[in-house]
Amino acid sequence: MIKLLDYKKMNKKGQFEAARKTIFWLIMGFIITMIIIAYAILLAGYRNKLTYTPPDMKAEFIALRFSNIPECFAYQEPLTERVYAGSIDLTKFNKGQMDECYFTNKDEGHKDYNFGLTLVKKDLFVATNNYLDQDVFVLEKKVMVWDGTKFEADTLQIKVQVRLGAPST
Amino acid sequence: MNKKANTILMIIFELLIVIAVVFSTSKVAYGYASSDKVLKINVAEDLAMMTNTLIGTHGDSKVEYPLDVEQFTFILSKGSITVLSAGDIAQTAEVRLFYLPKKYSATGTIENAKRVCLIKQGYLIELKNCQEVIPN
């Protein structure tokens, strides 16, 4: 068996050298482990960067529905059933219609996108079921508001609450 | 042991450490580079956004996902899109949620389809093989 370290046969200088190298490799072992872990974290971070989707882009796609489909708030002419994209029907701009349009999971819906909508000139507000006034950014859309007799230009402010707590996906 | 032997042993030991470090970092990098995890995540995100876009546009429409996704299996349901690779279990699948208006529903399961299409007809959104929908 090879005796790598035989302190009894070593002089003081040899003992110092052996101890020095032992400490060196202890530290190097720790540093190498840290480097490998940091490398793995770096790669994971790079992967997250590759799969990142801007939250405002996601919110824009979800928010398309609010002023474009009659199942949400868009005005639909009763006779011709023509839908006016980019419009808000005031008779529909309420909590009940919002729940028909976009309703998140009762228990975990706060982990998903929620919205607070405001018609600026009309000073009307309606929100999704898990909107808790913790908005991260605001989208704005120019809309035409149907009040029963005519269209009026207005601004639809969409406050976006991205998530509260850990993401559901 | 004499000093020369000790030095040689230390050199061999250091070489072994270097080889081990290079091997482990290369293995990690190769794992990331060869996995389809990134593509799977992006496909799931894209299909969820496409579904939301279809919901947000009035009328019927068809849209094709512009990538070859033959290696994945897709499950579209009323509240989510699930993308699986071969051998995936529930925990390793990519799932993205969305919320449809109450009148709407979504359905569709596809395996080994090169081209995947989302079709909106009335209140139904379907996931189909594009060859059935948009022939070449």
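Residues numbered from 1 in each chain as written. Chains lettered and ligands numbered in written order. Predicted model: local features only at pLDDT ≥ 70, side-chain atom pairs only at ≥ 80, totals over all residues. Heavy atoms only, no water.

Turning to the overall build of chain B, a few remarks are in order. The number of helices and strands found in chain B is three helices and seven strands. A globule of 136 residues ought to have a C-alpha radius of gyration of about 14 Å, yet chain B, at 24 Å, is considerably larger. Seen through its C-alpha atoms, chain B measures out along the principal axes to roughly 85 × 35 × 25 Å. Out of the 136 residues in chain B, the part that is buried amounts to 39%. The contacts of chain B with a sequence gap of at least 6 include a subset with a gap of at least 24, amounting to 54%. Approximately 7,500 Å² of chain B is accessible, and the part contributed by carbon and sulfur atoms is 61%. Averaged over its 14 positive side-chain charges, chain B has a centre that lies 5 Å from the centre of its 13 negative ones. (Helix = DSSP H or I, 4+ residues; strand = E, 2+ residues; numbered from the N terminus. Rg over C-alpha atoms; globule rule 2.2 N^0.38 Å. Buried < 20%, exposed > 50% of the residue type's maximum accessible area, 1.4 Å probe, protein only. Contact = heavy atoms within 4.5 Å. Areas by Shrake-Rupley, 256 points an atom, 1.4 Å probe, with all protein chains shown as cover. Lys, Arg positive; Asp, Glu negative; His and termini not counted. Charge placed at Lys NZ, Arg CZ, Asp CG, Glu CD.)

Residue and element names in this part refer to chain A. Tracing the sequence through the fold places Ala127 in strand E5 (residues 124-127). Of the residues examined, Ala127 reaches a relative accessible area of 12% and is grouped as buried. Remark: the alpha-carbon pair of Ala127 and Phe30, spanning 97 residues in sequence, is separated by 53 Å. Excluding its chain neighbours within four sequence positions, the residues that come into contact with Ala127 are Lys95, Met98, Phe115 and Gly116.

For the rest of this paragraph, the subject is the sheet that holds strand E7 (residues 124-129) of chain B. All names here are of chain B. Within the open sheet, the seven strands sit side by side as E1-E6-E7-E5-E2-E3-E4. Their pairing is mixed. Each edge of the sheet is formed by a strand with only one pairing partner; in this case those strands are strand E1 (61-65) and strand E4 (94-97). Taking each pair of neighbouring strands and ignoring which way they run, the sheet shows an average axis angle of 15°. Sheet topology places strand E5 (residues 105-111) next to E7; three bridges connect them, and they run parallel. Note that in E7 the partner of Thr107 across the bridge is Glu126. Contacts between helix H2 (residues 37-55) and the sheet are confined to E1, strand E2 (72-76), strand E3 (80-85), E4, strand E6 (116-121) and E7, with E1 contributing the most and set at about 170° to the helix. (Pairing = 2+ DSSP bridges. Axes fitted to C-alpha atoms, helices over the stretch in contact; angles between N-to-C directions.)

What follows is about the interface of chain A and chain B. In many analyses, interface size is given as the accessible surface area lost on bringing the parts together. In this complex, chain A contributes 37 residues to the contact, which on the side of chain B involves 34 residues. Counting the surface chain A buries against chain B, the share from its top three residues, Trp25, Arg47 and Glu71 of chain A, is 19%. Applying the counting criterion to the chain A and chain B interface returns one salt bridge. The interface formed by chain A and chain B holds seven residue pairs in polar contact (both at pLDDT 80 or more) in total. Take the side of chain A that touches chain B: its biggest share by element is 10 residues, from helix H1 (residues 12-50) of chain A. A per-class count over the side of chain A that touches chain B returns 20 nonpolar, eight polar and nine charged. (Buried area = accessible area lost by both parts, 1.4 Å probe. Salt bridge = Lys/Arg side-chain N within 4 Å of Asp/Glu carboxyl O. Polar contact = N/O pair within 3.5 Å; in protein donor to acceptor, adjacent residues only side chain to side chain. Nonpolar A, V, L, I, M, F, W, Y, C, P; charged D, E, K, R; others polar.)

Attention shifts here to the domain arrangement of chain B. Each assigned domain of chain B is listed with its residue range as follows: domain 1 (1-34) and domain 2 (37-133). Look at where the C-alpha atoms of domain 1 of chain B and domain 2 of chain B centre, and you get two points 47 Å apart. (Domains from an automatic or database assignment.)

The next point concerns the packing of aromatic side chains. As enumerated under the stated definition, the model contains 15 aromatic pairs over all chains in all. Judged by centre distance (5.6 Å) and plane angle (75°), the ring pair of Tyr102 of chain A and Tyr99 of chain B falls under edge-to-face. With Tyr102 of chain A in the loop between helix H3 (95-101) and strand E4 (114-119) and Tyr99 of chain B in the loop between E4 and E5, the pair connects residues from two separate chains. Using a relative accessible area of 2% as the deciding quantity, one classes Tyr102 of chain A as buried. Taking the relative accessible area as the measure of exposure, Tyr99 of chain B reaches 13% and is therefore buried. Through a chain of ring-to-ring contacts, the aromatic side chains of Phe66, Phe73, Phe93, Tyr102 and Phe115 of chain A together with Tyr99 of chain B assemble into a single cluster. (Phe/Tyr/Trp six-rings, centres within 6.5 Å; stacked < 30°, edge-to-face > 60°.)

This part is about the state of the cysteines. Disulfides are covalent bonds that connect the sulfur atoms of two cysteines. Applying the stated criterion across every chain, the model contains two disulfides over all chains. Through a disulfide, Cys72 of chain A is tied to Cys101 of chain A; the S-S separation comes to 1.9 Å. Between Cys72 of chain A and Cys101 of chain A the sulfur-sulfur dihedral comes to about 80°; the bridge is accordingly right-handed. Residue Cys72 of chain A is found in the loop between helix H2 (55-63) and strand E1 (75-76), and its partner Cys101 of chain A is found in helix H3; the two are separated by 29 residues along the sequence. Both residues of the pair, Cys72 of chain A and Cys101 of chain A, count as buried. Disulfide pairing is shown between Cys117 of chain B and Cys130 of chain B; the S-S distance is 1.9 Å. An S-S torsion of about 110° defines the bridge between Cys117 of chain B and Cys130 of chain B as right-handed. Of this pair, Cys117 of chain B sits in strand E6 while Cys130 of chain B sits in helix H3 (residues 130-133); the two residues are 13 residues apart in sequence, bridging distant segments of the chain. We note that Cys117 of chain B, like Cys130 of chain B, is buried. (Disulfide = S-S within 2.5 Å.)

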